[in-house]
Amino acid sequence: WGSLASWFPWGWNEPVAYNYGDNVYVQGDSVYVGQEAVATQQDYREQAYTIAMTAEEVAPDDSGEWLSLGVFAMTQDGQASGPEPTLYLQLAVSKDGMLAGTYYNSSTDQSHEIAGAVDKQTQRTAWTVGGKDWPVMETGVSNLTKDEAPSLIQFANGQTQQWLLVRLDDPEGETTN
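Residues numbered from 1 in each chain as written. Predicted model: local features only at pLDDT ≥ 70, side-chain atom pairs only at ≥ 80, totals over all residues. Heavy atoms only, no water.

**Points about the side chain of Arg 167**
Part 1 of the reasoning: Looking at the secondary structure, you find Arg 167 in strand β11 (residues 160-167).
Part 2 of the reasoning: Polar contacts involving the side chain of Arg 167 include one to the main-chain carbonyl oxygen of Leu 144, which spans 2.5 Å. (Helix = DSSP H or I, 4+ residues; strand = E, 2+ residues; numbered from the N terminus. Polar contact = N/O pair within 3.5 Å; in protein donor to acceptor, adjacent residues only side chain to side chain.)

This is the structure in structure tokens:
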């Protein structure tokens with residue numbers, strides 16, 4: 001977390017973890033982070049969309065400086081064990097909070113670009129795949145420093161799914177944090 005927090009110019013002291021179903025949950029029509037109601041379900045989904053679409057509105061910094069966040073396998077069942085994953089994400093972030101990377105589906109051998117952003121107030125990170133508006137995938141940026149990162153996929157029709165991102169070791173056997 002320390003390396004990532006110092007990467008950004010926003011003066012973050014403490015990470016905000018987004019553990020969907022645990023410290024981020026729905027009660028009635030409200031989404032809570034911790035004990036605080038932060039938005040209606042619709043507003044929370046629209047916030048994720050707005051964060052993801054920021055990537056199209058703001059040009060990345062010209063320095064070309066990007067920090068690798070790592071490569072993650074995606075598991076739909078939310079468990080680190082289970083069937084062999086076929087979906088993978090490679091993510092990097094610029095100093096101005098733009099998110100880029102690659103989504104790869106090994107069962108179809110197709111890859112697509114990822115574009116998104118980090119919200120400097122909430123530390124939410126959201127992105128889309130292949131230049132499409134939906135679905136929007138999100139997690140906390142501090143979650144992406146961990147070996148397992150809970151995430152949420154928001155669909156245009158209002159449905160959501162919880163997924164788990166599991167960090168893969170790099171080819172030399174070291175992880176990127």
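And the narrative resumes.
**What to know about unusual backbone geometry**
Part 1 of the reasoning: A cis amide bond links Trp 134 with the next residue in sequence, Pro 135, at an omega value of -5°.
Part 2 of the reasoning: Within the fold, Pro 135 resides in the loop between β8 (124-129) and β9 (136-140).
Part 3 of the reasoning: Positive phi values are uncommon outside glycine, yet Gln 123 reaches one of about 65°.
Part 4 of the reasoning: By the secondary structure assignment, Gln 123 is in the loop between β7 (110-118) and β8.

**Some remarks on the sheet that holds strand β1 (residues 24-27)**
Part 1 of the reasoning: Ordered in space as β1-β2-β3, the three strands form an open sheet in which the pairing is antiparallel. Each of the sheet's edge strands pairs with one partner strand only, and the pair in question is β1 and β3 (36-40). The mean inter-strand angle of the sheet, taken between neighbouring strand axes irrespective of direction, is 35°.
Part 2 of the reasoning: Summarising the sheet, β1 and strand β2 (residues 30-33) pair through four bridges and their orientation is antiparallel. The residue bridging Val 24 from the neighbouring strand is Val 33, located in β2. (Pairing = 2+ DSSP bridges. Axes fitted to C-alpha atoms, helices over the stretch in contact; angles between N-to-C directions.)

**As for the packing of aromatic side chains**
Part 1 of the reasoning: Inspection of the entire model under this criterion finds seven aromatic pairs.
Part 2 of the reasoning: The interplanar angle of 20° and the centroid separation of 5.0 Å between the aromatic rings of Tyr 49 and Trp 134 together place this pair among those described as stacked. Placement of Tyr 49 in helix α2 (residues 41-57) and of Trp 134 in the loop between β8 and β9 is noted, with a sequence separation of 85 residues between them.
Part 3 of the reasoning: What makes Tyr 49 partly exposed here is its relative accessible area of 25%.
Part 4 of the reasoning: Judged by its relative accessible area of 24%, Trp 134 is partly exposed.
Part 5 of the reasoning: Connected via pairs of aromatic rings, a cluster forms that spans Trp 1, Phe 8, Trp 10 and Trp 12.
Part 6 of the reasoning: Just above the ring of Trp 7 sits the side chain of Lys 95; from NZ or CZ to the centre is 4.2 Å. (Phe/Tyr/Trp six-rings, centres within 6.5 Å; stacked < 30°, edge-to-face > 60°. Buried < 20%, exposed > 50% of the residue type's maximum accessible area, 1.4 Å probe, protein only. Lys NZ or Arg CZ within 6 Å of the ring centre and 35° of its normal.)

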